[in-house]
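Listed below are the residues making up each chain.
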Amino acid sequence: MFNSVKKRQSRDNIKIIFAGRGGQGVLTVSSICAHAFLYTGYDVKKSDIKGIARRGGKVISSLIAGEKVYSPKINPEMADIAVILSQDIELALSEDTVLVLPTVEEIERYHKSLNIFCLGKLSALLDIPIRHWEQAIKERFEDGVSGINLTAFYDGRKSAKAQMSII
Amino acid sequence: MKTLLTGNEAVALGAYEAGVLVATGYPGTPATEIIEKISIYPDVYTEWSVNEKTALELASGVSLSGRRALVAMKHVGLNVASDPLMSLAYTGVNGGLVIAVSDDPGMWSSQNEQDSRLYGRIAHIPVLEPSDSEEAYVFVREAFAMSERFDLPVLLRLTRAISHTSTVADVNGKRKEYSKKYTVNTEKNVLLPPFTSERRLSLQRRMEGVRQYIPSSGLNRIENNPPLPPFSKGGKGGLSKNIGDDIGIITSGIAYQYVKEVMPEASVLKLGIVYPFNPQEIKEFARSVKELFVVEELGPFIEDSIRALGIKVRNGLLPEIGEMDQFILGKALMGNYTLTGEICKDNHATLCPGCPYLGVFYLLSKKSIFVGGDIGCYTLAVHTFPDVIDSTLCMGSGISQATGYSLSSGEKAVAVIGDSTFFHSGIPAVLNALYNKANILIIILDNHVIAMTGGQPHIGTGKGLMGYKKKQTIDDCLKGLGVDSVRRVDAYNLKQINHAVREGLSVKGVSAVIVDGECILKKKSDTQFYIDVEKCSFCGSCLLVGCKAIVRSDNSYIITEDCKGCGLCVQLCEKKTIKRQYKNNLCR
């Protein structure tokens, strides 16, 4: 009878994994992204690896957004997009996962705002109006820093769009 | 207003809005953030109590006075608080009293996995279980209302996946103050025979009141109920071919979300109140479906209760251990889930580079002596120095275990315990050791913080959630208790530690060494070390200290960026090839 059980991990929902090392701002960008989805009117669930795991140095946050999200859990292989801030993080992703990775030059250039730069790259792949991104970023940072971060965000967005136009 | 909240944040906000005057607790993953988040509201008095028992007892005093109180802890913390909990069901409350407890299925950050719903049954108190943050927010307010209405403390049960997941919640942020009058009521509040007799009978009546209230509470709901008459003939005939009409699932908490992923068509009775049960409600739902399943994380708590009502439930499919997800549920329902033995995933954390505990554990690892461990970061030492700790059980257990081992073996035994754990429940163990003339060395690892849960203050730090508090040093505490031999040593001075431990071991009776070193995560350092590769003989001595910042690279050792400049490795290097450098100084 249970052959008819459907594996329906809400296929239409978008699933994103954010990964990096402690201090890189992985949780900051996954939170901004979750809020941008919320402001656009989507249902969102986000979970972070916390507790004992933080001493391992690896930080992973997973986000699911769509019309209606039930389970907050995903396997890395189900991720539609993976934003990986540190090159030494290994995830068992599928071949179809779109990777958002900074280049070596970008890592050096953006350094502390690398996470927001990558968020900008990610934004080019998602159907979220720019005003919601801006709102989410501004709410996250104090006035003084949000300008720098917005610049990094737009740089990332532009670089991703440029790459996409080449393809 | 729609916002994103974790389950823990939702509990804090819901409690704030419910007019909670006092919130207490003891840090413990995955519950810690409840108290941290509620502490941002100035109209709530918040404290980290010394342990969960005192937290609950304090809160019950607040309740007695007529105000609302929230207590938050992890599942094992509730064991510590279980003594007052059992009796609080008898006395009941005046102002609402809610205990938020977060379980850790899969043991992501705990010594065991246990099911706090069972406390509902042994204490005779209602247990509410939300499935997401919005429910957590709503349920906590409902829990306060139920607590006052039925004169009972109420348990709000969360699990890691609820506590630490951000989901969308519609909140209003408005606080409503609550207060009732206190009137002396000895027969209610003094649990002394023969008053206890009436309180026991009253408890039965109060819980019956809860049982009757359940259907109208709005906390349990039925989804996709098939249009079947309640008394169809044995479930035959008239059934639609849609499987949702055949299968009914009773579920609660996070498991509900997995049911919706895996079997979206099934009829669901979603329980918000997981204890007690309203038999009529369950029976009616069972009658409306052809086959009934219970989907719940951990053991068959709901399932057993339903079976006890004489209702047939299909069983044996779900795992009773570990954290569930939709993948496990899908496999289990198809009958092909086998537990692979990987319940704890990715949990091989080690002591941080520069951790003040590295030195003392390095020295202990060279001795063959029984070491009773305790709960805290220091237990991670066993991933660095295998066998250095002989046992770890629960908060405060190491001192008594060492006492027991020493008593039986006739040898001096060692106990290691952290600063906050010492205050939490180590003190009675020290007294017991002294009273019964034990022969042990107590090593207190004082890193000036509750490190494992993210750096909360405790009485030894003199700080609290609401500014400065009384400070009590461990040294004075030990001396006051009656320990004559107490030494405080620098955690980064191997010679000093070695000497103190040797002296401590030579004392007949109870001796203590306090290893003093601030948690490295709290400390800022402007120096790092590097290995002079030209002079290094690659003897490997520096590796012995177990610091993760020293790694092998081809045929040499290097100290990575993770170095905190603690200097432990320098003390082990025979060739003196480890040199200090200042950060941002490129001249080597």
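Counting from both sides, the interface comprises 33 residues of chain A and, opposite them, 48 residues of chain B. We note a salt bridge from E323 of chain B to K73 of chain A, for which the minimum N-O separation is 2.9 Å. At the surface where chain A touches chain B, the tally comes to 7 residue pairs in polar contact (both at pLDDT 80 or more). Mapped by element, the contributors of at least two residues to the side of chain A that touches chain B are α1 (26–40) and β2 (43–48) of chain A. No other element matches the 6 residues that β2 of chain A contributes to the side of chain A that touches chain B. Classifying every residue of the side of chain A that touches chain B gives 13 nonpolar, 8 polar and 12 charged. As judged from the 3 bridges shared by β2 of chain A and strand β8 (residues 165–170) of chain B, these two strands associate in the antiparallel manner. Bridge pairing in β8 of chain B links K45 of chain A to T167 of chain B.

This paragraph deals with the domain arrangement of chain B. All names here are of chain B. The assigned domain composition of chain B is domain 1 (2–217), domain 2 (221–333), domain 3 (358–516) and domain 4 (527–582). Between domain 1 and domain 2, roughly 2,400 Å² of surface is buried when both sides are summed, and carbon and sulfur atoms account for 55% of that area. For the domain 1 face of the interface with domain 2, the top three residues by lost area are R117, R121 and I214, together amounting to 27%. Linking domain 1 with domain 2 are 4 salt bridges, by the criterion used here. With its nearest N and O atoms 3.0 Å apart, the salt bridge here joins E323 to R160. At the junction of domain 1 and domain 2, the tally comes to 17 residue pairs in polar contact (both at pLDDT 80 or more). If one sorts the elements of the side of domain 1 that touches domain 2 by residue count, helix α10 (residues 195–217) sits on top with 7 residues. Among the residues forming the side of domain 1 that touches domain 2, the class breakdown is 16 nonpolar, 7 polar and 10 charged.

Before going further, it helps to spend a moment on the sheet that holds strand β20 (residues 511–516) of chain B. Residues and elements named next belong to chain B. Taking strand neighbours across the sheet as the criterion, the 5 strands line up as β14-β15-β16-β20-β19 in an open arrangement whose pairing is parallel. With one partner strand each, in any of the chains shown, β14 (371–372) and β19 (485–490) form the two edges of the open sheet. Taken together, the 6 bridges between β19 and β20 define a ladder with parallel strand orientation. Bridge pairing in β20 places D490 opposite D516. Across the sheet, helix α18 (residues 397–409) is in contact with β14, β15 (413–418) and β16 (440–446); its angle to β15 comes to roughly 175 degrees. Sitting on the sheet, helix α19 (residues 419–435) is in contact with β15 and β16, with an inclination near 145 degrees to β15.

For the rest of this paragraph, the subject is the environment of R487 of chain B. Residues and elements named next belong to chain B. The residue R487 is located in strand β19 in this model. Taking C-alpha positions, R487 is 8.5 Å from V515, a pair spaced 28 residues apart along the chain. Among all residues touching R487, those that are not within four sequence positions of it are H499, A500, E503, A512, V513 and I514.

Let us now look at the packing of helix α5 (residues 82–91) of chain B against α10 of chain B. All names here are of chain B. The geometry of α5 relative to α10 is characterised by a closest axis approach of 7 Å and an angle of 85 degrees between their N-to-C directions. The angle between the axes of α5 and α10 places the two elements in the roughly perpendicular class. Contacts between α5 and α10 pair A89, Y90 and T91 from the former with T196, R199, R200, L203 and R206 from the latter. Considering only residue class, the contact of α5 with α10 consists of 3 nonpolar, 2 polar and 3 charged.

Moving on: helix α3 (residues 52–65) of chain B. Working note: α-helix, 3.6 residues per turn, so residues spaced by three or four point in the same direction. Residue and element names in this part refer to chain B. Taking 1.5 Å of rise per residue, the 14 residues of α3 would be expected to cover 20 Å, and the 20 Å separating its terminal C-alpha atoms lies within 8% of that figure. By the burial criterion, the buried members of α3 are E52, A55, L56, A59, S60, V62 and S63. On an axial view of α3, the arc spanned by its buried residues comes to 155 degrees, and they lie on one face. Looking at the packing, one finds that the buried side of α3 touches β2 (22–25), β4 (69–74), α4 (75–80), α5, β5 (97–103) and α19. Directly beyond the C-terminal end of α3, a positive phi value near 110 degrees is found at G66.

Let us now look at the pairing of β20 of chain B. Residues and elements named next belong to chain B. Counting buried residues in β20 gives 5 out of 6 residues, a clear majority hidden from the surface. Relative to β20, β16 runs parallel, the two sharing 6 bridges. Within β20, the position partnered with L441 by the bridge is S511.

Before going further, it helps to spend a moment on the side chain of N115 of chain A. Locating N115 of chain A in the fold gives a position in helix α3 (residues 114–123). Apart from the residues within four sequence positions on either side, N115 of chain A is in contact with Q24, G25, T28, V29 and L85 of chain A.

Residues and elements named next belong to chain B. With 5 of 5 residues buried, strand β21 (residues 527–531) is to be regarded as a mostly interior element. Residues of β21 alternate between two faces, with T527, F529 and I531 on one and Q528 and Y530 on the opposite face, all of them buried. Direction of pairing for β21 relative to strand β24 (residues 578–582): antiparallel, over a ladder of 5 bridges. Paired with F529 across the bridge in β24 is R580.

This next bit is on the pattern of salt bridges. All names here are of chain B. Applying the stated criterion to the full structure yields 32 salt bridges over all chains. Between R117 and D115 there is a salt bridge whose closest N-O contact spans 2.7 Å. An identical accessibility class is assigned to R117 and D115; each is buried. Here R117 makes a salt bridge to E296, at a shortest N to O gap of 2.9 Å.

Let us look at the packing of aromatic side chains. With the rule as written, the count across this model stands at 13 aromatic pairs over all chains. Aromatic pair Y275 of chain B and F277 of chain B: ring centres 6.1 Å apart, planes at 90 degrees, arrangement edge-to-face. For F277 of chain B, a relative accessible area of 10% corresponds to the buried category. Members of the aromatic cluster, joined through ring pairs, are W133, F153 and Y154 of chain A. The ring of Y178 of chain B has R68 of chain B sitting right over it, with the charged end atom 4.2 Å from the ring centre. Looking at R160 of chain B, its charged tip hangs above the ring of W108 of chain B, at a distance of 4.3 Å from the centre.

Criteria and thresholds
Residues numbered from 1 in each chain as written. Chains lettered and ligands numbered in written order. Predicted model: local features only at pLDDT ≥ 70, side-chain atom pairs only at ≥ 80, totals over all residues. Heavy atoms only, no water. Contact = heavy atoms within 4.5 Å. Salt bridge = Lys/Arg side-chain N within 4 Å of Asp/Glu carboxyl O. Polar contact = N/O pair within 3.5 Å; in protein donor to acceptor, adjacent residues only side chain to side chain. Helix = DSSP H or I, 4+ residues; strand = E, 2+ residues; numbered from the N terminus. Nonpolar A, V, L, I, M, F, W, Y, C, P; charged D, E, K, R; others polar. Pairing = 2+ DSSP bridges. Domains from an automatic or database assignment. Buried area = accessible area lost by both parts, 1.4 Å probe. Axes fitted to C-alpha atoms, helices over the stretch in contact; angles between N-to-C directions. Parallel < 35°, antiparallel > 145°, perpendicular 65-115°, else oblique. Expected span 1.5 Å × (residues − 1). Buried < 20%, exposed > 50% of the residue type's maximum accessible area, 1.4 Å probe, protein only. Arc of directions from axis to C-beta. Phe/Tyr/Trp six-rings, centres within 6.5 Å; stacked < 30°, edge-to-face > 60°. Lys NZ or Arg CZ within 6 Å of the ring centre and 35° of its normal.

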